[in-house]
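Listed below are the residues making up each chain.
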Amino acid sequence: MNTLYAVTLGLLSAAALLTLVRLVRGPSALDRVMALDVVVTLVVAGTAVGMVLRADATPVPALVVLTLLAFIGSVTAAHLVEKREGMR
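Criteria and cut-off values
- Residues numbered from 1 in each chain as written.
- Predicted model: local features only at pLDDT ≥ 70, side-chain atom pairs only at ≥ 80, totals over all residues.
- Heavy atoms only, no water.
- Helix = DSSP H or I, 4+ residues; strand = E, 2+ residues; numbered from the N terminus.
- Expected span 1.5 Å × (residues − 1).
- Buried < 20%, exposed > 50% of the residue type's maximum accessible area, 1.4 Å probe, protein only.
- Contact = heavy atoms within 4.5 Å.
- Core = buried A, V, L, I, M, F, W, Y, C linked by side-chain atoms within 4.5 Å.

Along an α-helix, residues three or four positions apart point the same way, because every turn accommodates 3.6 residues. Between the first and last C-alpha of helix 1 (residues 2-25) there are 35 Å, a value that for 24 residues agrees with the 34 Å anticipated at 1.5 Å per step. Within helix 1 the residues assigned to the buried category are Tyr5, Leu12, Ala16 and Thr19. Residues of helix 1 that are buried in the fold lie against helix 2 (29-54).

Time to look at the nonpolar core. If you look at the biggest cluster of nonpolar residues, it comprises 5 residues: Tyr5, Leu12, Ala16, Leu42 and Val49. Elements supplying a minimum of two residues to this core: helix 1 and helix 2. Excluding residues within four positions of it along the chain, leucine 12 makes contact with Leu42, Ala45, Gly46 and Val49.

Considering the arrangement of structural elements, one finds serine 74 in helix 3 (residues 60-87). Among the residues examined, serine 74 registers a relative accessible area of 18% and is labelled buried. Excluding residues that lie within four positions of it along the chain, serine 74 makes contacts with Met34 and Asp37.

In this section: helix 2. A rise of 1.5 Å per residue sets the reference length of helix 2, with its 26 residues, at 38 Å; its end C-alpha atoms lie 37 Å apart and thus fit the reference within 8%. Listing the buried residues of helix 2 in full gives Ala35, Asp37, Val39, Leu42, Val44, Val49, Gly50 and Met51. After helix 2 finishes, the residue alanine 55 shows a positive phi value of roughly 55°.

None of this, on its own, says anything about what the molecule does.
Structure representation (structure tokens):
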């Protein structure tokens, strides 16, 4: 079972690396905001896998806070993009 966790964490790390490339190279601000949202989601997923691996549920409140912050950030970014499109 530890092999499965290692593979999962490896895939999450590869996805985070590719997303960080998009964060740096993104042509628009919306690309960068969405890449940051994906990075936060991958951090939450990696922490959840680590919690299962260690059988420790202490980071659950931190995961809830991170998830709520990512959601609020995504909604705010969508609202700002909509407002910017309305100005054109």
